[in-house]
Amino acid sequence: MQLSFPTVIATLAAVFAVATPAAAQACAEADRFGVVTISPTTLSPGETFTVAANFSCAVQFGVNPEFTDYYIEVPVGNNGFEPPILLARRTLNPSSATPLLDSFTTQLPFALYFNASYVIVLDTTYPVNGTNGSPYSVVGSVDNPITIL
Ligand SMILES: *[C@@H]1O[C@H](CO)[C@@H](O)[C@H](O)[C@H]1NC(C)=O
Ligand SMILES: *[C@@H]1O[C@H](CO)[C@@H](O)[C@H](O)[C@H]1NC(C)=O
Ligand SMILES: *[C@@H]1O[C@H](CO)[C@@H](O)[C@H](O)[C@H]1NC(C)=O
């Protein structure tokens, strides 16, 4: 079968219409793995800070977190001396009054920091359905910059 150009466009439009549920339209695509808020964002080793995450938009994109791992990383220009530092491994509490919100307080580890652009990365592990319907897990991540002094 030879598809005419308008047919292809119409088909693509239908595919995108199916792929984007109406409920997701209030949420930005960038929010699909969770929205992270860090306070304060300028930190020194030993300093206490709070990390809050909101997965309200994530679930609208079909991302239902199984695990949420938080790391300090240097994503750009890493010279090889800055391995990711694990901050916390969390799971959402489905019986909480706010099951799509998470928050924790931690201290900036006494690691050796360099003059580099650090971020706190949230890795959200979530299930998707395989081609035969059996689930498997994938990981999406979102970065938030911090300043380490
Ligand atoms: C979580 O995100 C949703 C969707 O953006 C927003 O409506 C809600 O106010 C947020 N909740 C908190 C506690 O920030
Ligand atoms: C840190 O790196 C920036 C950008 O490369 C540079 O401008 C700055 O002078 C450096 N600061 C120190 C203390 O080395
Ligand atoms: C996977 O398939 C099940 C059964 O059809 C469905 O309930 C679930 O929402 C699907 N999960 C995803 C992530 O699409």
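The notes below deal with the structure included here. (Residues numbered from 1 in each chain as written. Chains lettered and ligands numbered in written order. Predicted model: local features only at pLDDT ≥ 70, side-chain atom pairs only at ≥ 80, totals over all residues. Heavy atoms only, no water.)

## A word on the environment of Val76
Tracing the backbone shows Val76 in the loop between strand E4 (67-73) and strand E5 (85-90). Residue class for Val76 comes out exposed when judged on its relative accessible area of 68%. C-alpha separation for the pair Val76 and Ala116, spaced 40 residues apart in sequence, amounts to 8.6 Å. (Helix = DSSP H or I, 4+ residues; strand = E, 2+ residues; numbered from the N terminus. Buried < 20%, exposed > 50% of the residue type's maximum accessible area, 1.4 Å probe, protein only.)

## Considerations on the nonpolar core
In this structure, Val36, Phe49, Tyr70 and Ile72 are the most contacted members of the largest nonpolar core, which totals 27 residues. Secondary structure elements with two or more residues in this core: strand E1 (35-39), strand E3 (48-54), E4, E5, strand E7 (118-129) and strand E8 (135-148). The leading source of residues in this core is E7, at four residues. With residues up to four places along the chain from it excluded, the contact list for Ile72 reads Pro83, Pro84, Ile85, Leu87, Leu108, Pro109, Tyr113, Tyr118, Val119, Ile120 and Ile148. (Core = buried A, V, L, I, M, F, W, Y, C linked by side-chain atoms within 4.5 Å. Contact = heavy atoms within 4.5 Å.)

## As for the side chain of Glu82
Summarising the element assignment, Glu82 is placed in the loop between E4 and E5. Nearest to the buried, unbridged Glu82 among oppositely charged side chains is Arg89, at 21 Å. Not counting residues within four places of it along the chain, the set of residues in contact with Glu82 comprises Val74, Phe114, Ala116 and Tyr118. (Lys, Arg positive; Asp, Glu negative; His and termini not counted. Salt bridge = Lys/Arg side-chain N within 4 Å of Asp/Glu carboxyl O.)

## Focus on the packing of aromatic side chains
Enumeration over the complete set of coordinates arrives at three aromatic pairs. Arranged with centres 5.6 Å apart and planes meeting at 85°, the rings of Tyr113 and Tyr118 form a pair that is edge-to-face. Tyr118 shares its class with Tyr113; the two are buried. (Phe/Tyr/Trp six-rings, centres within 6.5 Å; stacked < 30°, edge-to-face > 60°.)

## Re the sheet that holds E7
Pairing within the open sheet is mixed, and its five strands lie in the order E2-E8-E7-E4-E5. The open sheet is flanked by strand E2 (42-43) and E5, the only strands paired with a single partner. As paired elements, E2 and E8 share two bridges and run parallel to each other. In the sheet register, Thr42 faces E8, and the bridge partner there is Thr147. (Pairing = 2+ DSSP bridges.)

## Things to note about a nonpolar patch on the surface
Taken together, the side chains of Phe81, Leu112 and Phe114 present a nonpolar region at the surface, about 360 Å² in accessible area. Following the sequence through the fold, Leu112 ends up in the loop between strand E6 (101-107) and E7. (Patch = residues over 30% accessible without salt bridge, like charges linked within 9 Å, V, L, I, M, F, W, Y side chains within 5 Å. Areas by Shrake-Rupley, 256 points an atom, 1.4 Å probe, with all protein chains shown as cover.)

## Topic: the state of the cysteines
Applying the stated criterion across every chain yields a total of one disulfide. With a sulfur-sulfur separation of 2.1 Å, Cys27 is cross-linked through a disulfide to Cys57. Between Cys27 and Cys57, the disulfide has an S-S torsion of -80° and is therefore left-handed. Of this pair, Cys27 sits in the loop between helix H1 (5-19) and E1 while Cys57 sits in helix H2 (residues 56-60); the two residues are 30 residues apart in sequence, bridging distant segments of the chain. A relative accessible area of 15% places Cys57 in the buried class. (Disulfide = S-S within 2.5 Å.)

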